[in-house]
Structures are given as C-alpha cells and as structure tokens.
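A look at the structure
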Amino acid sequence: EAGVTQFPSHSVIEKGQTVTLRCDPISGHDNLYWYRRVMGKEIKFLLHFVKESKQDESGMPNNRFLAERTGGTYSTLKVQPAELEDSGVYFCASSRPAGTSNEQFFGPGTRLTVL
Amino acid sequence: KNQVEQSPQSLIILEGKNCTLQCNYTVSPFSNLRWYKQDTGRGPVSLTIMTFSENTKSNGRYTATLDADTKQSSLHITASQLSDSASYICVVSAGQAGTALIFGKGTTLSVSS
C-alpha cells in the first residue's frame, strides 16, 4: 500500500509570491488532514476534509490559505500571498472512512521557506 | 486550553540502554493518546494508540503507559538501538470523533554507540 505523498518536498519563495502544496492520500482514505509545524513549535492542525467536503477548518491561520480537494482524491493547499511567518513544514495525513480505524498516516511533509 | 507537554526536551543515551519519555496533557474531551516517532525529514509514524480504558500498550521494544486520572503518559524504550534516534511526539486526540489532534513539541532522542 503506497503511503501519503506530498509535493514538493521543499519550496523556497519570496514574500508576496504564491505557492501551492499538493497531497496525495492513501487510496481509499476518505479523511485528509493538513498540519503545519513552525520552527520551534509543535505541529498544529489546519483543516480536515471528509472526501471533498471541509469537515473542520478551524486551524486555518487566515484567508491567505486556501485548501481544496476536488473529487475527493488529492488535495492542494495554496498560500497567496505568502508571508515570512508562513515558513514551516506542512504535513498532510489521511485516515480510513468513519467507523473504521481513525489512525492517521502522515506524509513526509513540504518544507516551505518564505524569504 | 488544550495542551500537551513533553519532557525531557532532548535526551542522549548509549546504545543498549533503556529510557522513558514523559507526557502530560490537559485535553478535553479526551478521545485517545498516541505516541509517534518522527525521523529527520520524514512524517510522524504511529507507535501506539491508547484509549481512556487502556493502561499500557506495547509495540516491540516500545511500551506506552497511560494514567487517565493524572493525565500522564510515558513511553519506555527498551534496549535502545541507533535507529531509535528520532523525535518522539505525544499526541492527544480530542472530541467524539477523535480526529482533532493536539501535538506535544516532542522529545529528541539521540542514541550513540
């Protein structure tokens, strides 16, 4: 079973630019999550999709962040325009449908650096 | 405020030795507690998941304990190996669905030969 994949692994952009991160969950996993780890801090929840619907987006920092999951497969997280404080590692995780194990499987993360 | 605190922040031990990592939490409503291992440059990988009624759970050389009354957990690593060098993160899930994860900052373990 292929794991959660994320692209790119690293991204370096200038303040004000736009970046789009992609996450491909494990096949058959309805639940998809985005998390972020800012340097020196703990990993924090951003949002949760169930299939193509946003179940919980209470962790999204502000309206510069836009997450989509069209068709309920892969997801993208766009930051526009990027600010210095957006630098960090963005993790994606997926889990099986409700009623089964809710163990979350994490991708390797995308390291975003905003200069 | 939901919080997960871990100690120590970092730890260095010799190969073959045992160690215990600590986790205290204030999360409500509690659903379950997980320990993850995160290697450098990789995503977290689940080691154990414990619900409210479970006191201990093992996964090979890893044994996690949970005291739901005192809201404390520990992760004990037996006969450490060089490959155990990683960050160990305590994560508490909140809510009925258990999907809202609250992460600790992690303990960085270095195992040397």
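Values in this document were obtained by computation on a predicted structure and should not be read as measured data.

Moving on, we get to the state of the cysteines. Within the structure shown, the criterion is met by two disulfides over all chains. Two residues, A:Cys23 and A:Cys92, share a disulfide whose sulfurs are 1.8 Å apart. Looking along the S-S bond of the A:Cys23-A:Cys92 disulfide, the torsion reads about -65 degrees, which is the left-handed sense. On the criterion of sequence distance, the pair formed by A:Cys23 in strand S3 (residues 19-24) and A:Cys92 in strand S9 (residues 88-95) is long-range, its members being 69 residues apart. The thiol of B:Cys19 is not disulfide-bonded; the next cysteine sulfur, from B:Cys90, is found 15 Å away. Among the residues examined, B:Cys19 registers a relative accessible area of 6% and is labelled buried.

Let us now look at the packing of aromatic side chains. Within the structure shown, the criterion is met by 10 aromatic pairs over all chains. Aromatic side chains A:Tyr33 and A:Tyr35 sit 6.3 Å apart centroid to centroid with 25 degrees between the ring planes, which places their arrangement in the stacked category. For the residue pair A:Tyr33 and A:Tyr35, the accessibility class agrees, reading buried in each case. Consider the rings of B:Phe30 and B:Phe52, whose centres lie 6.4 Å apart with planes at 65 degrees: the pair is edge-to-face. One end of the pair, B:Phe30, is in strand S4 (residues 30-38); the other, B:Phe52, is in the loop between strand S5 (45-51) and strand S6 (56-59), with 22 residues separating them in the sequence.

The subject of this paragraph is a positive patch on the surface. A cluster of basic residues, A:Lys41, A:Lys44, B:Lys1 and B:Lys105, forms a positive patch at the surface. Looking at the secondary structure, you find A:Lys44 in strand S5 (residues 43-50).

What follows covers the environment of B:Arg34. All names here are of chain B. Among the structural elements, Arg-34 can be located in strand S4. Remark: the alpha-carbon pair of Arg-34 and Ser-7, spanning 27 residues in sequence, is separated by 16 Å. There is a polar contact of 2.9 Å between the side chain of Arg-34 and the side chain of Asn-32.

Once that is clear, we can look at the interface of chain A and chain B. Listed by partner, the interface residues are 16 residues for chain A and 18 residues for chain B. Area buried by chain A at its contact with chain B is led by A:Ile43, A:Asn102 and A:Phe106, which between them contribute 34% of it. At the boundary of chain A and chain B, one finds zero salt bridges. For the interface between chain A and chain B, the tally reads two residue pairs in polar contact (both at pLDDT 80 or more). Listing elements by their share of the side of chain A that touches chain B, those giving two or more residues are strand S4 (31-37) and S5 of chain A. Grouping the amino acids of the side of chain A that touches chain B by side-chain chemistry returns seven nonpolar, five polar and four charged.

Now for the pattern of salt bridges. Residues and elements named next belong to chain A. All told, the structure shown has eight salt bridges over all chains when counted by the stated rule. The salt bridge involving Glu-57 is made with Lys-54; its shortest N-O contact spans 3.9 Å. For Glu-57, a relative accessible area of 43% corresponds to the partly exposed category. Salt-bridge contacts for Glu-85 lead to Arg-64; the nearest nitrogen and oxygen are separated by 3.9 Å. One end of the pair, Glu-85, is in the loop between strand S8 (75-79) and S9; the other, Arg-64, is in the loop between strand S6 (53-56) and strand S7 (65-68), with 21 residues separating them in the sequence. Residue Arg-64 is classed as buried on the basis of its relative accessible area of 13%. What you see here is one network of salt bridges that share partners, running through Arg-36, Arg-64, Glu-85 and Asp-86.

With that settled, the discussion passes to the sheet that holds S6(B). Whenever strands of a sheet pair, they do so through backbone hydrogen bonds, lying parallel or antiparallel. Residue and element names in this part refer to chain B. Pairing is antiparallel in the open sheet, where five strands are placed in the order S1-S3-S8-S7-S6. Every other strand in the sheet has two partners, leaving strand S1 (3-7) and S6 as the edge strands with one partner each. Each adjacent strand pair in this sheet contributes to an overall mean axis angle of 15 degrees, direction not counted.

With that out of the way, let us pick up the nonpolar core. With 25 residues, the main nonpolar core has B:Val4, B:Tyr25, B:Leu33, B:Trp35, B:Leu75 and B:Tyr88 as its most contacted residues. Counting residues per element, this core draws most heavily on strand S9 (residues 86-94) of chain B, which supplies five residues. Residues in contact with B:Tyr88, not counting those within four places in the same chain, are B:Gln6, B:Leu21, B:Trp35, B:Tyr36, B:Lys37, B:Leu47, B:Tyr62, B:Leu75, B:Ile77, B:Gly106, B:Thr107 and B:Leu109. Core analysis: the second largest hydrophobic core is formed by 21 residues, A:Leu77, A:Ala82, A:Tyr90 and A:Cys92 among them.

Quick notes on the rules
- Residues numbered from 1 in each chain as written.
- Chains lettered and ligands numbered in written order.
- Predicted model: local features only at pLDDT ≥ 70, side-chain atom pairs only at ≥ 80, totals over all residues.
- Heavy atoms only, no water.
- Disulfide = S-S within 2.5 Å.
- Helix = DSSP H or I, 4+ residues; strand = E, 2+ residues; numbered from the N terminus.
- Buried < 20%, exposed > 50% of the residue type's maximum accessible area, 1.4 Å probe, protein only.
- Phe/Tyr/Trp six-rings, centres within 6.5 Å; stacked < 30°, edge-to-face > 60°.
- Patch = residues over 30% accessible without salt bridge, like charges linked within 9 Å, V, L, I, M, F, W, Y side chains within 5 Å.
- Areas by Shrake-Rupley, 256 points an atom, 1.4 Å probe, with all protein chains shown as cover.
- Salt bridge = Lys/Arg side-chain N within 4 Å of Asp/Glu carboxyl O.
- Lys, Arg positive; Asp, Glu negative; His and termini not counted.
- Charge placed at Lys NZ, Arg CZ, Asp CG, Glu CD.
- Polar contact = N/O pair within 3.5 Å; in protein donor to acceptor, adjacent residues only side chain to side chain.
- Contact = heavy atoms within 4.5 Å.
- Buried area = accessible area lost by both parts, 1.4 Å probe.
- Nonpolar A, V, L, I, M, F, W, Y, C, P; charged D, E, K, R; others polar.
- Pairing = 2+ DSSP bridges.
- Axes fitted to C-alpha atoms, helices over the stretch in contact; angles between N-to-C directions.
- Core = buried A, V, L, I, M, F, W, Y, C linked by side-chain atoms within 4.5 Å.

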